[in-house]
Amino acid sequence: MRVSRAAAALPGVEVAVVAMATGLNLDIAAELGFELPAAGPTDLLVALRAADGDAAERAAAEVDGLLAALAARAGGATGGEEPPRTVRAAVRAASGAATLALVSVPGPYAFAEAMDAVEAGLSVMVFSDNVPVEQEVLLKRRAAERGVLVMGPDCGTAVVGGTGLGFANVLRPGPVGIVAASGTGAQQVACLLDLAGVGVSHVLGVGGRDLSARVGGLSTLRALESLDADPATELIVLVSKPPDAEVAEAVRQAAGGLATPVVTAFPGRASSHGPDDLTSAAEDVLRALGVKVPEWPSWPAAGPHAPAAGDAARSGPVPDGGANGASAGAVSDGGMADGAAATGRARVLHGIYSGGTLCTEAALVAGTGGFTDYGDDAYTRGRAHPMIDPALRLEALAAVPPGDAVLLDVVLGHGADPDPAGRLAPAVAAAVARGVSVTVALVGSGGDPQGLAAQAGALCAAGADVFASNALAARHAARLTGGAR
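Keep in mind it's a predicted model, so treat the numbers as computed, not measured.

What counts and how
- Residues numbered from 1 in each chain as written.
- Predicted model: local features only at pLDDT ≥ 70, side-chain atom pairs only at ≥ 80, totals over all residues.
- Heavy atoms only, no water.
- Helix = DSSP H or I, 4+ residues; strand = E, 2+ residues; numbered from the N terminus.
- Buried < 20%, exposed > 50% of the residue type's maximum accessible area, 1.4 Å probe, protein only.
- Contact = heavy atoms within 4.5 Å.
- Areas by Shrake-Rupley, 256 points an atom, 1.4 Å probe, with all protein chains shown as cover.
- pLDDT = per-residue confidence, 0-100.
- Axes fitted to C-alpha atoms, helices over the stretch in contact; angles between N-to-C directions.
- Parallel < 35°, antiparallel > 145°, perpendicular 65-115°, else oblique.
- Left-handed = near helix turned anticlockwise from the far one by under 90°.
- Core = buried A, V, L, I, M, F, W, Y, C linked by side-chain atoms within 4.5 Å.
- Salt bridge = Lys/Arg side-chain N within 4 Å of Asp/Glu carboxyl O.
- Pairing = 2+ DSSP bridges.
- Arc of directions from axis to C-beta.
- Phe/Tyr/Trp six-rings, centres within 6.5 Å; stacked < 30°, edge-to-face > 60°.
- Lys NZ or Arg CZ within 6 Å of the ring centre and 35° of its normal.
- Right-handed = clockwise from strand over helix to strand, strands pointing away.
- Nonpolar A, V, L, I, M, F, W, Y, C, P; charged D, E, K, R; others polar.

**Some remarks on the overall build of the protein chain**
- Along the backbone of the protein chain there are 17 helices and 19 strands.
- Within the span of the protein chain, comprising 485 residues, buried residues form 49% of the whole.
- A sequence separation of at least 24 residues applies to 71% of the contacts in the protein chain between residues at least 6 apart.
- Surface accessibility of the protein chain: about 20100 Å² in total, with carbon and sulfur atoms responsible for 55%.

Rendered as structure tokens:
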């Protein structure tokens, strides 16, 4: 994808597509007018269109150079030797030092590679999505027999012994272990804890289906046992979208038998203080550890079309000492935008999300509007995850009618877009200019490579209200449409 961007940015280049030749990518290239040779999902598709022959040659040379550099880095990682062709061969080459394998291949091929890792005695993180649930169950049952852990399929986030895998934030070490049937849910909880000065020991993703009736919490139970045995873990947080009731009860009973206390974070579950959300769960963790709950940071819109400040939302200090000129403070509740008022219709809230649990949480908290998770398998088959490539979300944002409101998540960390605000800010500014109110839930830590404060500043300058808490962002966005709880 980044090779495609680099080629497309060259003068005279109209279209550049560099991707695996999956069915979806072939269809996209065909829709763009390219005549394609026979190709399969293991082939590399390079399609270029330019204003003239010189521009086309420059683009082809750029693609060749970037691909050669990637190959050279891969060769350097193996010392120039022929890399292992199977997981078991890699385990043999590591002379017993390997304990964990990361599988990131197209879904139809993931089961074989992950099972190879399990049979080699390794725990495995399956980043791949679009893996049939029947294969997931077989894989996890075999892992239980082998005494190893399967994280995934569709496990986007893990932190093992301080090393981030997949989409991972830069987190301080600490006493909290996280078991998560949700990647972005785990990131939200971990980042809020980090902003409060509390670190994590491990983040063990188990895949979004693990707490379903069909999978039965197989990896969740194994992960809880692992963290309970870890001397660095003093408290465990279990994060998931609403689980199957019987599975949740089995997990609750298992958690009750552990020596380590467990806090659950199931957005939407009823509790004594109302529906649970990830922010309230993080606050419960802080209280259990005897740490003061802070005011979570928020940054008000600072763009040329930002509304005048109204009632203050909950806000706090900006990490890193400032957001490129935007400071945390009152975030406007605004009023009905001119576009909606002119048509006499009610404002509509559009949730345009990259994280599934964040999307579910926001819909439950807001209680109004339409929400789409662009990280769902239906949208990622054959294309990069929206935390890497925002193209589909940009299209959705551009289609929001004047006067409506938009709620977006932006997730920072390793593996994600190196500058998401750089891609989103122009689209946000264009939306705000036509009367759309934009609210952003910015999930990140102060140590993330994108720079939490810098990202907040760029989004605020474009006219968005920004919150470090997804739940607070959802409440604010809902207030703009009269639907807040």
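Here the narrative resumes, following the displayed structure.
**Thoughts on the confidence of the model for the protein chain**
- The pLDDT averaged across the protein chain works out to 87; a share of 87% of its residues lies at or above 70.
- In the predicted structure, residues 307-330 sits below a pLDDT of 50 and forms 67 contacts with residues beyond four places in sequence or in another chain.

**Quick look at the packing of helix α12 (residues 356-366) against helix α17 (residues 470-480)**
- Look at α12 against α17: their axes get within 8 Å of each other, and the N-to-C directions meet at 45°. For the element pair α12 / α17, the angle class is oblique. The two elements α12 and α17 meet at a crossing, and its hand is right-handed. Mapping the contact onto sequence places L358, E361, A362, V365 and A366 in α12 and N470, A471, A474, R475 and A478 in α17.

**Overview of the environment of A51**
- By secondary structure assignment, the location of A51 is in the loop between β2 (44-50) and α3 (53-77).
- Separated by 39 residues in sequence, A51 and G12 place their C-alpha atoms 5.2 Å apart.
- Leave out the neighbours within four places in its chain, and A51 touches G12 and E14.

**Describing the nonpolar core**
- V176, I178, L193, V237, V239, F371 and L407 are the most contacted members of the largest nonpolar core, which has 49 residues in total.
- Beyond its immediate sequence surroundings of up to four residues, V237 is in contact with V176, G177, I178, V179, V189, V263, A265 and V285.
- Ranked by size, the runner-up nonpolar core spans 30 residues in total, among them V432, A456, L459 and C460.

**Some remarks on the pattern of salt bridges**
- Scanning the model with the defined rule gives 13 salt bridges in all.
- We note a salt bridge from D284 to R287, for which the minimum N-O separation is 3.1 Å. Taken as a pair, D284 and R287 lie in helix α10 (residues 278-288) at a separation of three residues, close to a single helical turn.
- R393 is paired through a salt bridge with D409; the nearest N and O atoms lie 2.7 Å apart. Of this pair, R393 sits in helix α14 (residues 391-398) while D409 sits in strand β17 (residues 405-411), and the two are 16 residues apart along the sequence.
- For D409, a relative accessible area of 0% translates into the label buried.
- What you see here is one network of salt bridges that share partners, running through E136, K140, R209 and D210.

**Thoughts on the pairing of strand β6 (residues 157-160)**
- Pairing of β6 with strand β7 (residues 163-166), which is carried by four bridges, proceeds in the antiparallel orientation. Along β7, the bridge assignment pairs V159 with G164.
- Between β6 and β7, which pair antiparallel and follow one another directly, the connecting turn spans two residues, one of which, G161, has a positive phi of 60°.

**What to know about helix α8 (residues 218-228)**
- Of all the residues in α8, the buried ones are S219, T220, A223, L224 and L227. The arc that holds the buried residues of α8, viewed along the axis, is 135°, so those residues lie on one side.

**A look at the side chain of T184**
- Note that T184 resides in helix α7 (residues 183-195).
- Relative accessible area serves as the criterion here: at 8%, T184 is assigned to the buried category.
- Residues within four places of T184 in sequence aside, it is in contact with G355, G356, T357, L358, M387 and V411.

**Structural notes on the sheet that holds strand β14 (residues 298-299)**
- Here six strands make up an open sheet; going across it, the order is β14-β19-β18-β17-β15-β16 and the pairing mixed. At either margin of the open sheet sits one strand with a lone partner, and together these are β14 and β16 (370-373).
- Pairing of strand β15 (residues 349-353) with β17 involves four bridges; the strand directions are parallel. Note on β17: the bridge partner recorded for H350 is V406.

**A look at the sheet that holds strand β3 (residues 100-103)**
- One open sheet accounts for three strands, arranged β3-β4-β5; its pairing is parallel. Each having just a single partner strand, β3 and β5 (150-151) make up the two edges of the open sheet.
- Relative to β5, strand β4 (residues 123-126) is paired through two bridges, and the arrangement is parallel. Paired with V124 across the strands is V150, a residue of β5.

**Focus on the packing of aromatic side chains**
- For the structure on display, the rule yields three aromatic pairs.
- Look at F127 and F167: their rings are 5.6 Å apart centre to centre, the planes differ by 55°, and that puts the pair in the tilted class. With F127 in the loop between β4 and α6 (133-146) and F167 in the loop between β7 and β8 (173-180), the pair connects residues that are 40 residues apart, well separated along the chain.
- For F167, a relative accessible area of 5% puts it in the buried group.
- With 4.9 Å between their ring centres and 55° between their planes, Y374 and Y379 make a pair best called tilted.
- Looking at R49, its charged tip hangs above the ring of F34, at a distance of 4.5 Å from the centre.

**Remarks on the pairing of strand β10 (residues 235-239)**
- Judged by how many residues are buried, β10 sits mostly within the fold: five of five residues are covered.
- In β10, alternate side chains face the same way, and those of L235, V237 and V239 on one face and I236 and L238 on the other are all buried.
- Alignment of β8 against β10, held across five bridges, turns out to be parallel. Considered in β10, the bridge of A180 is made with V239.
- What joins β10 to strand β11 (residues 262-265) is helix α9 (residues 245-256), and the crossover it makes is right-handed.

**Examining the packing of helix α5 (residues 107-119) against α6**
- Packing of α5 against α6 brings their axes to within 10 Å, and their N-to-C directions diverge by 5°. Taken together, the axes of α5 and α6 lie roughly parallel to each other. Of the residues in α6, those in contact with F111, A114, M115, V118 and E119 of α5 are Q135, L138, L139, R142, A143 and R146.
- Looking at side-chain class alone, the contact of α5 with α6 contains seven nonpolar, one polar and three charged residues.

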